[in-house]
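Structural description and commentary
Each chain, letter by letter, is given below.
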Amino acid sequence: MKWLGPTWIKIELDNIVHNLSQIQKLTSAKICAVIKSNAYGHGICVISSLLQSLNLPYLAVSDLMEALEVRTAGVQTPLLILNPNLVHETGEIVQYKITPTVTSEEILLSLAKHAFLQQKRVNIHLKVETGLNRIGVSLAEALKLAQLISEFEYLNLEGVYTHFAAANSDINYTKKQLNHLLVFKSKFNELGFKNLMWHSANSAALVTLPQSHLDMVRIGTMLFGQSTVNKLPHIINLKPTWELYTRIIQIKAVKKGEYIGYNKNFITKRDSVIGVIPLGYSDGLGVRPKDNNFWNPLRTALLNLVDTPNKIYLDHKSYPIIGKIAMGMCCIDLTEHANPHNLYGAVIQIPTRRTTINR
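Residues numbered from 1 in each chain as written. Predicted model: local features only at pLDDT ≥ 70, side-chain atom pairs only at ≥ 80, totals over all residues. Heavy atoms only, no water.

**Some remarks on empty space enclosed by the protein**
To be explicit about the condition: Within this scheme a cavity is a closed region of a 1 Å grid, computed over the protein atoms alone, that accommodates a 1.4 Å probe without allowing it to escape, whereas a pocket is open but has protein on both sides within 12 Å along at least five of seven lines; lining residues each have an atom within 4 Å of a point. Grid points are joined across faces, edges and corners, and a volume is the space filled by probe spheres set on the points. Gly counts as polar in this scheme, as do all residues outside two lists: the nonpolar Ala, Val, Leu, Ile, Met, Phe, Trp, Tyr, Cys and Pro, and the charged Asp, Glu, Lys and Arg.
A full pass over the atoms with the stated rule returns one cavity of 30 Å³ or more. For the largest cavity, the calculated volume is near 40 Å³. In terms of lining residues, the largest cavity is bounded by Lys-127, Val-128, Glu-129, Thr-130, Leu-132, Arg-134, Ile-135, Thr-162 and His-163. Taken together, the residues of the lining of the largest cavity break down into three nonpolar, three polar and three charged.

Shown next, in the form of structure tokens:
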């Protein structure tokens, strides 16, 4: 493959297929692959096309923009938008056969209007509140919305779901949320709303609470080779799917006592060999929101210790990032390398958060 620039992301599609097979060992429920945030940085068009070829029953994205990317890529797999939409978006939701998450009567009425005008049936999932206290409606509100949906010819209540707050850390609270959802299910059944798709489990609950699998599980990070659960079952072997690479674009010798980068944040403690790589905060490397609070410098320093990439890898050996990360560049200390002056163009691997790196 011919690279257009010095920086690239390597995606292992075979490992995504492998991870899906591992997930399928743990459940008989349908699998909804969550591909929000550009498929966790993997490229939403390519990944959605791959998952369609694997006949997954459902995909999920954050918003309409992501949903339209999937549809534009030619993917026709049922597609759930996890965030409630705004009224002006309902026409395209109907047009492109997208499943909205509904939490308000206003959206329902707009969906009914556009579904009638386009003569297209729209599947709807209700998001209910069980303890995360973010997006979702109460039992009374949910039943009211379900009844309203049943009054419109082109609207179809397909599913009801919730989201867990601490499936990787508090199993008792997660069970409490699940029991709350099952109360919803019982009340819906009593009023004749049967044969719905009920779902609650995310990647963590897939492992920690099998009884939460219900009709469908929503799997995101685990599909892409990571897990927030401390210990996975011994039968599960996830493989990495994403790696970020760049090349060294300059090598320079720097004397002891010289400053490196903006704001004089780093001073060399010895004669050093510095490499420059073309990655910076515009790429998502070491980004922090601006905050003028008095405690921000301390907070930033503490966060940098645990979260900001402070090393890169060259030939499987780590070297530190030094100085302040700039918009499009940062510096690495190559002094410990056996032959640092001959590293121009060498390939560097950067460990970082996938979803913060730009496309």
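Past the structure itself, the notes keep going.
**Some points on the layout of surface pockets**
Gaps between atoms show up when a probe of the same size as a water molecule is rolled over them. Quick reminder of the rule: Secondary structure elements are defined from DSSP: runs of H or I of at least 4 residues count as helices, runs of E of at least 2 residues count as strands, and each element is numbered from the N terminus.
As a volume, the largest pocket reaches approximately 910 Å³. Together, 40 residues line the largest pocket, and Lys-36, Tyr-40, Gly-220, Thr-221 and Arg-354 are the ones closest to its centre. Among the elements of the structure, helix H2 (36-41), helix H9 (203-208), strand S9 (216-219), strand S10 (242-247) and strand S18 (347-350) are those that each provide at least two residues to the lining of the largest pocket. For the lining of the largest pocket, the element with the most residues is S10, which contributes three residues.

**Focus: the side chain of Ser-200**
Rules: For this analysis, a polar contact is any N or O atom pair within 3.5 Å, provided that within protein one partner can donate a hydrogen and the other can accept it, and provided that sequence-adjacent residues contribute only side-chain to side-chain pairs. Only heavy atoms enter the contact rule, under which two residues are in contact if any of them lie within 4.5 Å.
Counting through the fold element by element, Ser-200 comes out in the loop between strand S8 (197-199) and H9. A distance of 3.0 Å separates the side chain of Ser-200 from the backbone oxygen of Ser-212, its partner in a polar contact. When near neighbours in sequence (up to four residues on either side) are disregarded, Ser-200 contacts Thr-162, Phe-164, Leu-178, Leu-181, Ser-212, Leu-214, Met-216 and Arg-218.

**A short note on the pairing of strand S3 (residues 58-61)**
We apply this condition: For every residue, the accessible area (1.4 Å probe, protein chains only) is compared with the maximum for its type, and the residue is labelled buried under 20%, exposed over 50%, or partly exposed between those bounds. Strand pairing is assigned whenever DSSP detects at least two bridges linking the two strands. Place the viewer so that the strands point away; then a crossover is right-handed whenever the path from the first strand over the helix to the second strand goes clockwise.
Neither face of S3 is left uncovered, since the one carrying Tyr-58 and Ala-60 and the one carrying Leu-59 and Val-61 both have all their residues buried. Summarising the sheet, strand S2 (residues 30-34) and S3 pair through three bridges and their orientation is parallel. Within S3, the position partnered with Ala-33 by the bridge is Leu-59. Direction of pairing for S3 relative to strand S4 (residues 79-81): parallel, over a ladder of three bridges. From the neighbouring strand, Leu-59 faces S4, where its bridge partner is Leu-79. Handedness of the crossover is the feature at issue here: the chain leaves S3, passes through helix H4 (residues 64-72), returns alongside S4, and the resulting connection is right-handed.

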